[in-house]
Amino acid sequence: MKILYAAQLSENDSALYRLWALQRLGHTVVPINSYAFEPGSEFLRKVQHRVQVGPWVGRLNREVLAMAERERPEVFWADKLLGLQPSTLKQLRKMGVASVSYMIDNAFGPRRDPGWRLYMRDIPHFDLHVVQRDSNFADYKSRGARDVIKVQTAYEPTVHFADEADYVERDAARTRGVSFIGSPYDDRAVFLTRLWRECGLPVMISGSGVWRERLESEAAAALYTGMELYGAAYREAVWNSKINLSFLTHSNQDEFVHKSFEIAACGGFLLAERSAGHLARFKEDEEAVFFTGFEECVEKIRRYLPDAEARGRIAAAGGARAVRDGYGNDAQMAKIVERIAILRG
């Protein structure tokens, strides 16, 4: 297929990983980088994100239609694109272009993020919605969605892969004990501070500068590395961590998180929040270790932190499961493409 692919495209965005997967599957992908249609001012970017109006929104929609007219794609793929106008999707349908919305976040969740005004109006006009949670089926259908498919978030095989070094032999050189790489959603700042302060555990946090706002000053100085990690730096941090924590974003009603699949694919030891979604994808205590609540998390950390052999065995099994059962982008994108082919007849 020829796919017109509109998304935030940078080396730090998972949307780019999905584009790569579509190309590896043999499709011709024509990109539209939505970053090019944002204001230069940080203040104006925040305003535009919240209300989705202004000249930049108009430019984006005109470019989508101009590219569709010029490239004549079979499919228009919008990856978390919030600035589309319903009239643009209507015009694409008149042109015979099937439209797909891929949405990781939860437009209907309790987190109540801003920016969904146009997206909610777009829902009936996409041919296919790709979502990450069971609850979204009813949500989207209630808004007039034509078709909905669920896939899981995934790892990128060119970025998330295992270390060649022996796990146990490398253990003494690991620089991160209990490691979390990600965002400070929900009560993560309090949870990680407690692990360090109350239990004396060697916690290290990497992520955006928002952590400085969420952590107490003493905890920020002790735990936060002061940087976000992407690409090779992210992978190497997983390799250098004895225990890699993975939290569900409860305010987004997550069933599983892409971080869990990335950690497993990197051959890292995964300690994740227990959920039906995680349990369906990894054998507990064989391919990953799970916890429910603070006390069980502490118990699991104390059990596995000194046991490199057990961590190595579980990490290897989790990595093998991620590859074998298709937790990478290629397998997940193939499911979507198959559904699109059915829709197009």
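Before reading on, note that the structure itself is shown above.
Source: prediction; values computed, not measured. (Residues numbered from 1 in each chain as written. Predicted model: local features only at pLDDT ≥ 70, side-chain atom pairs only at ≥ 80, totals over all residues. Heavy atoms only, no water.)

Caption draft 1: Region of interest: the nonpolar core. Counting residues in each nonpolar core, the largest one holds 33 residues, and the members touching the most others are Leu192, Leu195, Leu245, Leu271 and Ile301. Residue assignment for this core shows that the elements contributing at least two residues are β7 (176-181), α8 (188-197), β8 (203-206), α10 (217-223), β9 (241-246), β11 (289-291), α14 (294-304) and α15 (308-324). With 22 residues, the next largest nonpolar core counts Ile3, Tyr102, Leu128 and Val130 among its residues. (Core = buried A, V, L, I, M, F, W, Y, C linked by side-chain atoms within 4.5 Å. Buried < 20%, exposed > 50% of the residue type's maximum accessible area, 1.4 Å probe, protein only. Helix = DSSP H or I, 4+ residues; strand = E, 2+ residues; numbered from the N terminus.)

Caption draft 2: Focus on the sheet that holds β9. Spatial ordering of the open sheet is given by β8-β7-β9-β10-β11, a layout of five strands whose pairing is parallel. Looking at which strands have only one partner, the edges of the open sheet turn out to be β8 and β11. Strand-to-strand twist in this sheet, taken as the mean axis angle between neighbours without regard to direction, amounts to 30 degrees. Relative to β11, strand β10 (residues 270-273) is paired through three bridges, and the arrangement is parallel. When the sheet's bridge partners are listed, Ala272 is paired in β11 with Phe290. Strands in contact with α14 are β7, β9, β10 and β11; relative to β11, the strand with the most contacts, it is inclined by about 150 degrees. (Pairing = 2+ DSSP bridges. Axes fitted to C-alpha atoms, helices over the stretch in contact; angles between N-to-C directions. Contact = heavy atoms within 4.5 Å.)

Caption draft 3: Just the sheet that holds strand β4 (residues 98-102), in detail. What the six strands build is an open sheet, ordered β2-β1-β3-β4-β5-β6; its pairing is parallel. Edge positions in the sheet fall to β2 (28-33) and β6 (148-150), since each of these pairs with one other strand and no more. Taking each pair of neighbouring strands and ignoring which way they run, the sheet shows an average axis angle of 20 degrees. The pairing of strand β1 (residues 2-7) with strand β3 (residues 75-79) spans four bridges and is classified as parallel. Opposite Tyr5, over in β3, you have Trp77 as the bridge partner. The strands that helix α6 (residues 135-142) touches are β5 (128-131) and β6; relative to β6, the one it contacts most, it runs at about 165 degrees.

Caption draft 4: Region of the structure containing the side chain of Glu262. Position of Glu262 relative to the elements: it lies in helix α12 (residues 258-265). For the buried Glu262, no salt bridge exists, and the shortest N-O distance to an oppositely charged side chain is 5.0 Å, to Lys259. A polar atom in the side chain of Glu262 sits 2.7 Å from the side chain of Tyr234. Once residues lying within four places of it in the same chain are set aside, the contact partners of Glu262 are Ala154, Tyr155, His160 and Tyr234. (Lys, Arg positive; Asp, Glu negative; His and termini not counted. Salt bridge = Lys/Arg side-chain N within 4 Å of Asp/Glu carboxyl O. Polar contact = N/O pair within 3.5 Å; in protein donor to acceptor, adjacent residues only side chain to side chain.)

Caption draft 5: Layout of the pattern of salt bridges. All chains considered together, the criterion is met by 25 salt bridges. The salt bridge partner of Arg324 is Glu287, with a shortest N-O separation of 3.9 Å. Remark: Glu287 occurs in the loop between α13 (276-279) and β11 and Arg324 occurs in helix α15; sequence separation between them is 37 residues. Since its relative accessible area comes to 57%, Arg324 is described here as exposed. Residue classification places Glu287 among the buried positions, given a relative accessible area of 9%. Two residues, Arg303 and Asp307, come together in a salt bridge whose shortest N-O distance is 3.0 Å.

Caption draft 6: The arrangement of a positive patch on the surface in detail. Together, Lys90, Lys94, Arg117 and Arg121 give the surface a local cluster of positive charge. When contributions to the positive patch are tallied by element, the ones reaching two or more residues are α4 (86-94) and α5 (117-122). Relative to the elements of secondary structure, Lys90 occurs in helix α4. (Patch = residues over 30% accessible without salt bridge, like charges linked within 9 Å, V, L, I, M, F, W, Y side chains within 5 Å. Areas by Shrake-Rupley, 256 points an atom, 1.4 Å probe, with all protein chains shown as cover. Charge placed at Lys NZ, Arg CZ, Asp CG, Glu CD.)

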